[in-house]
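Survey of secondary and tertiary structure
Each chain, letter by letter, is given below.
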Amino acid sequence: MSTARPDEPMPSDAPESADSPASPDSAASPACPDAAASPAPDADADAELESDAELGVGAAETSSSRGFLEEYRWGLAVIGGLSLLLVLLVGGLILTANPHRGTPPQEADDQGASREGRAVGLLGAEARPEKTAHEDLLPAGGEAFSDGEGLVVGEDIAPGAYRQDPGSGPTDATCFYVIYADASETTVRRTGADDRGIAVLEDGEVVDSVDCGDWLPLEDTVPERPETQFGTGMHVVGEHVEPGTYELDWDEDTMLCWWDIFRDLRGDGHILDSGFIPRDAPEFGEPLQITLGDQEQLVVSSESCGTWTKVR
């Protein structure tokens, strides 16, 4: 008979009674740790993982999109601005192609006339003042002078523009003159061998004139009104001859026809038109026309061609 009291604990080494229930730990512990059963996969957990993965991809794509926009926002802004500019440019070109769209007829005609006037000015190469008097256009000369060699401008001759007086020289010789840049007579400014030649002389230049006779101030050679015919010599358009289209009446006895149209009085450059036709050329004696524009100081020079007559 046991002497232990009911409230005393059982000794630790006391055997378990068959009637004693097994502890939860011992019941749950498997015989072999490796054989422990893993919990079964949970379908809800898998779905949750898949959902999280999808959310992660979407967030990454959104983040990438935001990063692209932030990184290239200035470039996109520039492209947008250039596109707008291109649209405006195309619209402007369309309006320019029909500038009179929406413009009253009278105003459109006035605008067309204005543009035509500007075009004529451009074709004339330079904007030129309105002609008022010969003295306003032609450089004044001094006293007339005659043949001589080594004539110094500013000492023997007054500076200015001069024209050879036809018939004042010998009839059995041809007028010939040379204008040198200075007293060294090494640089030639201009040479000429024709009646009615024009020479613009400046201080320090030196002139040789042989068989030319007299040289008159250019303004003294201008007629009361411009002529509609001219022959050999240099003629200021609008002063000596009228502007317009001229046709040549050939001199059948001449050996050559030579003409130049110069842009200014000097006649030593800026040739606008020229021609040289010897007697044996196929075009010798054929109809020939030249057009002289109304430009300040425009000069036509003709030698041995015949008579030019205005036809329109």
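As a reminder, the structure under discussion sits directly above these lines.
Quick caveat: nothing in here was measured; it's all calculated off a predicted structure.

Strands sit in the order 7-14-9-12 across an open sheet of four strands; the sheet is antiparallel. Of all the strands in the sheet, just strand 7 (229-230) and strand 12 (289-292) have a single pairing partner and so form its edges. Here strand 9 (residues 244-250) pairs with strand 12 via four bridges, running antiparallel. What sits directly across from Thr245, in strand 12, is Thr291.

With that out of the way, let us pick up unusual backbone geometry. Phi at Arg196 is positive, roughly 60 degrees, even though this residue is not glycine. Its location among the elements puts Arg196 in the loop between strand 4 (188-192) and strand 5 (198-201).

On inspection of all chains with the given rule, the structure shows two disulfides. Across the disulfide from Cys175 sits Cys212; the S-S distance is 1.9 Å. Disulfide Cys175-Cys212: torsion about the S-S bond near 80 degrees, hence right-handed. Placement of the pair is Cys175 in the loop between strand 2 (160-164) and strand 3 (176-180) and Cys212 in strand 6 (residues 206-217), with a sequence separation of 37 residues. Judged on exposure class, the residue Cys175 and its partner Cys212 are both buried. Disulfide pairing is shown between Cys257 and Cys305; the S-S distance is 1.9 Å. Its S-S torsion of approximately 95 degrees makes the covalent link between Cys257 and Cys305 right-handed. A residue pair is termed long-range when its members are at least 10 positions apart, and Cys257 in strand 10 (residues 256-262) and Cys305 in the loop between strand 13 (299-303) and strand 14 (306-310) qualify at 48 residues. Take Cys257 and Cys305: they sit in the same class, and that class is buried. Assigning the bonded cysteines of the chain consecutive numbers by sequence position, one obtains the connectivity 1-2, 3-4.

On to the packing of aromatic side chains, then. According to the stated counting rule, one finds eight aromatic pairs in the structure shown. The interplanar angle of 85 degrees and the centroid separation of 4.9 Å between the aromatic rings of Tyr177 and Trp215 together place this pair among those described as edge-to-face. Of this pair, Tyr177 sits in strand 3 while Trp215 sits in strand 6; the two residues are 38 residues apart in sequence, bridging distant segments of the chain. There is no split in this pair, since Tyr177 and Trp215 are both buried. Taking 6.0 Å as the distance between ring centres and 65 degrees as the angle between the ring planes, the aromatic pair formed by Trp259 and Trp308 counts as edge-to-face. With Trp259 in strand 10 and Trp308 in strand 14, this pair connects stretches of sequence that are 49 residues apart. On the basis of relative accessibility, which here comes to 7%, the residue Trp259 falls in the buried class. Within the aromatic cluster, the residues linked to one another by ring pairs are Phe145, Tyr162, Tyr177 and Trp215.

A contiguous patch of negative charge, built from Glu247, Asp249, Asp251, Glu252 and Asp253, is present on the exposed surface. Mapped onto the elements, Asp251 comes out in the loop between strand 9 and strand 10. On the accessibility criterion, Asp251 (32% relative accessible area) is partly exposed.

For the rest of this paragraph, the subject is the pattern of salt bridges. Under the counting rule described, the total for this entry stands at two salt bridges. Where Arg189 meets Glu205, a salt bridge forms, and the shortest distance between an N and an O atom there is 3.6 Å. Taken together, the positions of Arg189 in strand 4 and Glu205 in the loop between strand 5 and strand 6 put the pair 16 residues apart, joining distant regions of the chain. Under the relative-accessibility criterion, Glu205 is labelled buried at 3%. Here Glu242 makes a salt bridge to Lys310, at a shortest N to O gap of 2.9 Å. One end of the pair, Glu242, is in the loop between strand 8 (233-236) and strand 9; the other, Lys310, is in strand 14, and 68 residues separate them in sequence.

If you walk across this open sheet you meet the four strands as 8-13-10-11, and the pairing is antiparallel. Single-partner strands in this sheet number two, and they are strand 8 and strand 11 (271-278). Neighbour-to-neighbour, the strand axes of the sheet open up by a mean angle of 10 degrees, direction not taken into account. Where strand 8 lies against strand 13, four bridges are found, and the strand directions are antiparallel.

Rules used throughout
- Residues numbered from 1 in each chain as written.
- Predicted model: local features only at pLDDT ≥ 70, side-chain atom pairs only at ≥ 80, totals over all residues.
- Heavy atoms only, no water.
- Pairing = 2+ DSSP bridges.
- Helix = DSSP H or I, 4+ residues; strand = E, 2+ residues; numbered from the N terminus.
- Disulfide = S-S within 2.5 Å.
- Buried < 20%, exposed > 50% of the residue type's maximum accessible area, 1.4 Å probe, protein only.
- Phe/Tyr/Trp six-rings, centres within 6.5 Å; stacked < 30°, edge-to-face > 60°.
- Patch = residues over 30% accessible without salt bridge, like charges linked within 9 Å, V, L, I, M, F, W, Y side chains within 5 Å.
- Areas by Shrake-Rupley, 256 points an atom, 1.4 Å probe, with all protein chains shown as cover.
- Salt bridge = Lys/Arg side-chain N within 4 Å of Asp/Glu carboxyl O.
- Lys, Arg positive; Asp, Glu negative; His and termini not counted.
- Charge placed at Lys NZ, Arg CZ, Asp CG, Glu CD.
- Axes fitted to C-alpha atoms, helices over the stretch in contact; angles between N-to-C directions.

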